[in-house]
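Tertiary structure, described
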Amino acid sequence: MEFHLTKEQLAWKQEVRNFLKEVITPELLAEVERNKRGKDGPLERNYRKQISEKGWYSMHWPKEYGGLEMSAMDYLIFNEEVAYMGAPFISNIGPSIVAPSLFKFGSEENKRKWLPPIKNNEFDFALGYSEPNSGTDLASLQTSAVLDGDEWVINGQKVWNSFGHRSTHQWLAVRTDPSAPKHRGISMMIVPMDAPGVTIVEQKTWGGHRTNEIFFDNVRVPKANLIGEVNRGWLILTTALDHERVVMGSSGRTQRNFEDLVKFCKHTVIDGELLINKPEIRMKLAELKVELEVARLFGYRAASMIDLGKDISSEASMMKVFATELRTKVSDYGMQILDLYGQLNKDDDLAPLQGELEQQYRLAPFHRFGGGTNEVQRNIVAQRGLGLPRR
Amino acid sequence: MMNMEYSDDQLMMQETSRKFFEREVSPQLVKELQEPEHSGHSSSLWEKMANIGWLGVHIPEKYNGAGGTLVDLGILFEEAGRVLVPTTLYSTIYASLLIDALGTHEQKKTYLSRIAAGKMISGVAYAEKEALHNPDCFKTVARKVKDKWILTGEKMFVQNAHLADELIVIARSENDDGKEGLTAFLVPNQAEGVSMKEQKTFGKDRQSVVKFTDVELDITHVLGNRTEEAEEGLAVAMNQATALQCLEMVGGARKVIDMTVKYVSERHQFGVPIGSFQAVQHHLANMATAVDGSRLLAYQAVSLLSEGLAAEDEVAMAKAYAGEAYKSVTVMAHQLWGGMGYVTESDLYLWSNRAKATELSFGTRDLHLKKLANNL
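Here the residue index of a chain counts from 1 through its sequence in written order. Key to labels: chains lettered from A, ligands numbered from 1, both in the order written. Local features in this predicted model are restricted to residues whose pLDDT is 70 or higher, and side-chain atom pairs enter the listing and the counts only when it is 80 or higher, whereas totals over whole chains, interfaces and linings include all residues.

With that settled, the discussion passes to the environment of valine 291 of chain B. All names here are of chain B. By the criteria applied, helices consist of DSSP H or I runs no shorter than four residues and strands consist of E runs no shorter than two, each listed in order from the N terminus. With respect to the helices and strands, valine 291 occurs in helix α8 (residues 278–306). Here the C-beta atoms are placed from the backbone, and a residue counts as buried if at least 20 other C-beta atoms lie within 10 Å of its own, exposed if 12 or fewer do, and partly exposed otherwise. A residue is classified by how many C-beta atoms lie within 10 Å of it, and valine 291, with 24 of them, is buried. For the pair formed by valine 291 and threonine 110, sequence separation is 181 residues and the distance between their alpha carbons is 39 Å. Note on contacts: residues are paired as contacts if their backbone-placed C-beta atoms lie within 7 Å. Ignoring anything within four residues of it in the chain, the contact list for valine 291 reads Val250, Ala253, Arg254, Ile257, Ala325 and Val329.

Turning our eyes to something else, we now look at helix α1 (residues 8–24) of chain B. Residue and element names in this part refer to chain B. A helix is expected to span 1.5 Å for every residue after the first. In this model α1 runs 24 Å from its N-terminal to its C-terminal C-alpha over 17 residues, within 8% of the 24 Å that 1.5 Å per residue would give. When we look at burial in α1, the residues that qualify are Met13, Ser17 and Phe21. On an axial view of α1, the arc spanned by its buried residues comes to 45°, and they lie on one face. Across from the buried face of α1, at angles greater than 90 degrees, the exposed residues are Asp8, Leu11, Met12, Lys19, Glu22 and Arg23. Packing partners of the buried residues in α1 comprise α4 (70–83). Arc definition: it is the arc formed by the directions from the helix axis to the C-beta atoms.

Our focus in this paragraph is the packing of helix α10 (residues 313–338) of chain A against helix α11 (residues 356–369) of chain A. Residues and elements named next belong to chain A. An axis is simply a line fitted to the C-alpha atoms; with a helix, the fit covers only the stretch in contact. Between two such axes, the angle follows the N-to-C directions and lies from 0 to 180 degrees. Contact geometry of α10 with α11 gives a least axis separation of 8 Å together with a crossing angle of 160°. Judged on the interaxial angle alone, α11 and α10 are roughly antiparallel. Between α10 and α11 the crossing geometry is left-handed. Contacts from Thr324, Glu325, Arg327, Thr328, Ser331, Asp332, Gly334, Met335 and Leu338 in α10 reach Leu357, Glu358, Gln360, Tyr361, Ala364, His367 and Arg368 in α11. Any residue that is not Ala, Val, Leu, Ile, Met, Phe, Trp, Tyr, Cys, Pro, Asp, Glu, Lys or Arg is counted as polar, Gly included; the first ten are nonpolar and the last four charged. Tallied by class, the residues present in the contact of α10 with α11 amount to five nonpolar, six polar and five charged. An angle counts as roughly parallel when it lies under 35 degrees, as roughly antiparallel when it exceeds 145, as roughly perpendicular when it falls between 65 and 115, and as oblique in every other case. By definition, turning the near helix anticlockwise from the far helix through less than a right angle yields a left-handed crossing, and turning it clockwise yields a right-handed one.

Quoted interface sizes are often the accessible area lost when the parts come together. Residues and elements named next belong to chain B. Per the annotation, domain bounds derive from an automatic or database assignment of domains. When cut into domains, chain B gives domain 1 (8–120), domain 2 (124–228) and domain 3 (232–374). The distance between the C-alpha centroids of domain 1 and domain 2 comes to 23 Å. Listed per partner, the contact involves 16 residues of domain 1 and 14 residues of domain 2. When residues in the side of domain 1 that touches domain 2 are grouped by element, the largest group, seven residues, is from helix α5 (residues 88–102).

Right, let's talk about the interface of chain B and chain A for a bit. Across the boundary between the two partners, chain B contributes 37 residues, which contact 38 residues of chain A. At the level of elements, α7 (230–266), β9 (272–273), α8, α9 (312–337) and α12 (365–374) of chain B are the ones that each hand at least two residues to the side of chain B that touches chain A. Among the residues making up the side of chain B that touches chain A, the classes are represented as 23 nonpolar, twelve polar and two charged.

With that out of the way, let us pick up the nonpolar core. Throughout this description, the term nonpolar core refers to a group of buried Ala, Val, Leu, Ile, Met, Phe, Trp, Tyr and Cys residues whose C-beta atoms join them within 7 Å. The biggest cluster of nonpolar side chains holds 170 residues, and the ones touching the most others in it are Leu98, Phe185, Ala298 and Ala301 of chain B. For this core, the leading source of residues is α7 of chain B, giving 17 residues. Judged by nonpolar contacts, the second largest core, of 35 residues, contains Trp61, Ala99, Trp114 and Ile227 of chain A.

It is worth spelling out the confidence of the model for chain B at this point. Scored between 0 and 100, pLDDT is the confidence that the predictor attaches to each residue. This prediction gives chain B a mean pLDDT of 95; 98% of its residues lie at or above 70. Note on the complex model: pTM 0.91, ipTM 0.87.

The subject of this paragraph is helix α6 (residues 108–119) of chain A. In an α-helix, one full turn covers 3.6 residues, which means residues spaced three or four apart are oriented alike. Residues and elements named next belong to chain A. Between its terminal C-alpha atoms α6 stretches 16 Å, which fits the 16 Å expected from twelve residues at 1.5 Å a residue. Residues of α6 that are buried: Trp114, Leu115, Ile118 and Lys119. The arc that holds the buried residues of α6, viewed along the axis, is 125°, so those residues lie on one side. Opposite its buried face, α6 presents the exposed residues Glu109 and Arg112, each directed more than 90 degrees away. Against α5 (93–105) and β5 (186–192) lie the buried residues of α6.

Turning next to unusual backbone geometry. Apart from glycine, the bulk of residues carry a negative phi angle, and the bulk of peptide bonds sit in the trans form. The residue aspartate 271 of chain A is not glycine, and still its phi comes out positive at about 50°. Summarising the element assignment, aspartate 271 of chain A is placed in the loop between β9 (269–270) and β10 (273–274). The exposure class assigned to aspartate 271 of chain A is exposed, which follows from the 7 C-beta atoms found within 10 Å. If you check the backbone angles, lysine 204 of chain B has positive phi at about 60° while not being a glycine. Counting through the fold element by element, lysine 204 of chain B comes out in the loop between β6 (194–199) and β7 (207–217). For lysine 204 of chain B, a count of 19 C-beta atoms within 10 Å gives the class partly exposed.

Set out below in structure tokens:
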């Protein structure tokens, strides 16, 4: 047992932080904010290009696919730093969901065709999973793909398609055998967003981030866009979900919110008293500190288990539930500490912490239900972790 | 490198100690020892533990110990916590940590060797009627008269005082130069002027009020032979004992989860195991999460302490979290077991009692949160 990052890991953490400090400029953040609902602008594209040039999109890939073969711990450190520093979002869908699926299930042709542009950040993906009537019961999805000569013909509708409006491709789950049991008739394919018949419609969210509905009307893609075996998509999809959970469970942003909140309390006098001197605030902050430490350790545990080659499904679920619920607690209590100031949003000059807490408060539900709802995660902890019977 | 898994040696320690404890410490034995006519201690178990070397896991080899680390000892505590090993183990180990932190070579040779060999039961006399955590409020004092120390006062909640060969008593002292400080005294139970009365406790563990009436002690009974210098060593040993107790608690909580998983998997209602209901599964998932979190915090604290780091925050975080976790797990277990867990025949209450007792010892959640707040 050991509870320290290695010298190399600490150096890596510093390297990422230094890099981010350099590339995150007020202009970049302003552009990202401006374009939140549209396509990415030149500064954001340049920011991602710099990351891709460092090889960091594929830092955790095996060397044979051009990756840096860095550990899961290094990858977690990277994600935590990105979140901690408030860096513009770096989509993990291509490099961490599509690519690992290709490593494991893709044909040689699949790999040759799709991996290089993912690595170079030329292709961006959106997850084409949920449908209006298939959310948590994802395996009931109805969007269909029928083989017609050398092409698949796709019809149906997807929802909660975040990044759909700025992606080049869909990582799409489709039904290829309607007569098979629901888990046995699903396949995964890659669909270019510019294919004729693809329509995208914005869905606005409480959290302020854009998601989309996306319609497929006789969309034709080459037969070779199918990944892995036909009708075996469920396995690919669930393998990828475990990974998504580790990313969703990163507590870097919440840690930053907490530290900023403590700083604020140390410098702010309200009603004649420094906030940090109020006993009720001190106790609550201490309580949150303990839970943040638990979240951090859950993250490191999941990453170190991956590095040791262990199965992490229930630990990833535990981590995800804990970190996402903590996000609500920190932002919720943070807003209460700010009292009347807590209601000022980021557009107000006087908003403490640049309105970050109210934003996190609105973003938190997305983390709790996204990537597999926390209810399903608890089922996984109970059934896979503790071995309780399924119904 | 960050690694929360046991090494091969640690895994072996865990496996052997689990096997041993499961064989030797049944709920039946635990119940029996808690009956008023018993002492709360099992000499035969004690002897077996000494023979395997577990009473001296952490004691250096030169004092007849196994020379292991605090993490090794932590593993033993976790496994002991699962089966509710009598508390003489914990109070004696706490005393040994204090002797190790403060004692002279001679004292260590004498007392640590005896503890490792299973020849000494001990406990630490710290709290007083009006001073549970703040030694500035201690009224137990030691005065130097010629070459003797005269100890006077009253300590409370002294673990296993009724069985102890020597107790370690923390008192305020005033040396020849009029310097005041805390001193740790090794006080033989048989010394003249020592009297005690057992307290009746929720956890059915044995604690006593111990009274010292002009107890005369020579210099060999001053831990470290020095006065007014016990603060630092005391803080070290107390932190170690607190972190170790967190692992005892984790062990107990994990055992309760294991028993509860078994119960809800076997108990059928409406034609299915009640463990297949999501309401039940989610409670158990929350319990498992709280205990996993406690376990990581506790091993982090013990691991940093074993490297010689102060780990003040880490210990405080571990105790604040584990106290709530162990207790909540037992409260929820009672909910999930219903009437079946309410009858004493189920033994569940044994863990529920211990959970509350450990929550209240070495500082409750509030005390540790306060420490953390001061370090924010």
